[in-house]
Amino acid sequence: MILLEPNSYVLEDTLLTRFNSEKPEVVDITLVDFDNVIYHVQTSAEQRTLLNLSVEMKYFNEVCAYGAESILQREYGAYLVPVTNS
């Protein structure tokens, strides 16, 4: 049996390093978790204090049926940005 942690070590380490840094640096990292969730963490050279975290889940429509959108809105409200197709 394989025991998987509920969090992504790479994502957690990236965010903690970024938040604990005295000098904000440009970040642009894409990683995939064990359940095929794609995370994209980035900052721009112009706005190094603004961190963008994008999460892509192939099964997002399925979890929406269980109230995922309302939970995201409740927890992150003003921080949510509309989805863009890139």
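The rules we used
- Residues numbered from 1 in each chain as written.
- Predicted model: local features only at pLDDT ≥ 70, side-chain atom pairs only at ≥ 80, totals over all residues.
- Heavy atoms only, no water.
- Helix = DSSP H or I, 4+ residues; strand = E, 2+ residues; numbered from the N terminus.
- Contact = heavy atoms within 4.5 Å.
- Areas by Shrake-Rupley, 256 points an atom, 1.4 Å probe, with all protein chains shown as cover.
- Core = buried A, V, L, I, M, F, W, Y, C linked by side-chain atoms within 4.5 Å.
- Buried < 20%, exposed > 50% of the residue type's maximum accessible area, 1.4 Å probe, protein only.
- Patch = residues over 30% accessible without salt bridge, like charges linked within 9 Å, V, L, I, M, F, W, Y side chains within 5 Å.
- Salt bridge = Lys/Arg side-chain N within 4 Å of Asp/Glu carboxyl O.
- 1 Å grid on protein atoms, 1.4 Å probe; cavity = no way out; pocket = protein on both sides within 12 Å on 5 of 7 lines; lining within 4 Å.
- Points joined across faces, edges and corners; volume = space filled by probe spheres on them.
- Nonpolar A, V, L, I, M, F, W, Y, C, P; charged D, E, K, R; others polar.
- pLDDT = per-residue confidence, 0-100.

A look at the overall build of the protein chain
Thinking step 1. When helices and strands are tallied, the protein chain shows three helices and three strands.
Thinking step 2. Taken from the N to the C terminus, the helices and strands of the protein chain come in the order α-β-β-β-α-α.
Thinking step 3. Across its three principal axes, the protein chain shows a C-alpha extent of roughly 40 × 35 × 25 Å.
Thinking step 4. At a minimum sequence separation of 6, the contacts of the protein chain that also span at least 24 residues come to 22%.
Thinking step 5. For the protein chain, the exposed surface amounts to about 7500 Å²; the carbon and sulfur share of it is 55%.

Examining the nonpolar core
Soluble globular proteins: nonpolar side chains tend toward being buried together.
Thinking step 1. Among the nonpolar cores identified, the biggest contains seven residues, and these are L11, L15, V27, L31, V37, Y39 and V41.
Thinking step 2. Looking at this core, the elements with two or more residues in it are α1 (9-20) and β2 (38-42).
Thinking step 3. When neighbours within four sequence positions are excluded, V27 is seen to be in contact with T14, R18, V41, Q42 and T43.

Digging into a nonpolar patch on the surface
Thinking step 1. A cluster of nonpolar side chains, contributed by L72, Y76, Y79 and L80, occupies part of the molecular surface with about 450 Å² of accessible area.
Thinking step 2. If you trace the backbone, Y76 turns up in helix α3 (residues 68-76).

Considerations on the layout of surface pockets
By rolling a water-sized probe across the atoms, one finds the places where empty space is left.
Thinking step 1. Looking at the largest pocket, its volume works out to about 1600 Å³.
Thinking step 2. Around the largest pocket, the lining is made up of 30 residues, and of these L53, S54, V55, L80 and V81 lie nearest the centre.
Thinking step 3. Those elements that place two or more of their residues in the lining of the largest pocket are α1, β2, β3 (52-56), α2 (60-64) and α3.
Thinking step 4. Considered class by class, the residues forming the lining of the largest pocket number 19 nonpolar, eight polar and three charged.

So, the confidence of the model for the protein chain
Thinking step 1. Looking at the protein chain, pLDDT values average 86 and 93% of them are 70 or higher.
Thinking step 2. α3 holds the highest mean pLDDT among the elements of the protein chain, 93, whereas α1 holds the lowest, 86.

As for unusual backbone geometry
Thinking step 1. We note that N36 has phi near 65 degrees; this positive angle belongs to a residue other than glycine.
Thinking step 2. Counting through the fold element by element, N36 comes out in the loop between β1 (28-32) and β2.
Thinking step 3. The class for N36 is exposed, based on a relative accessible area of 52%.

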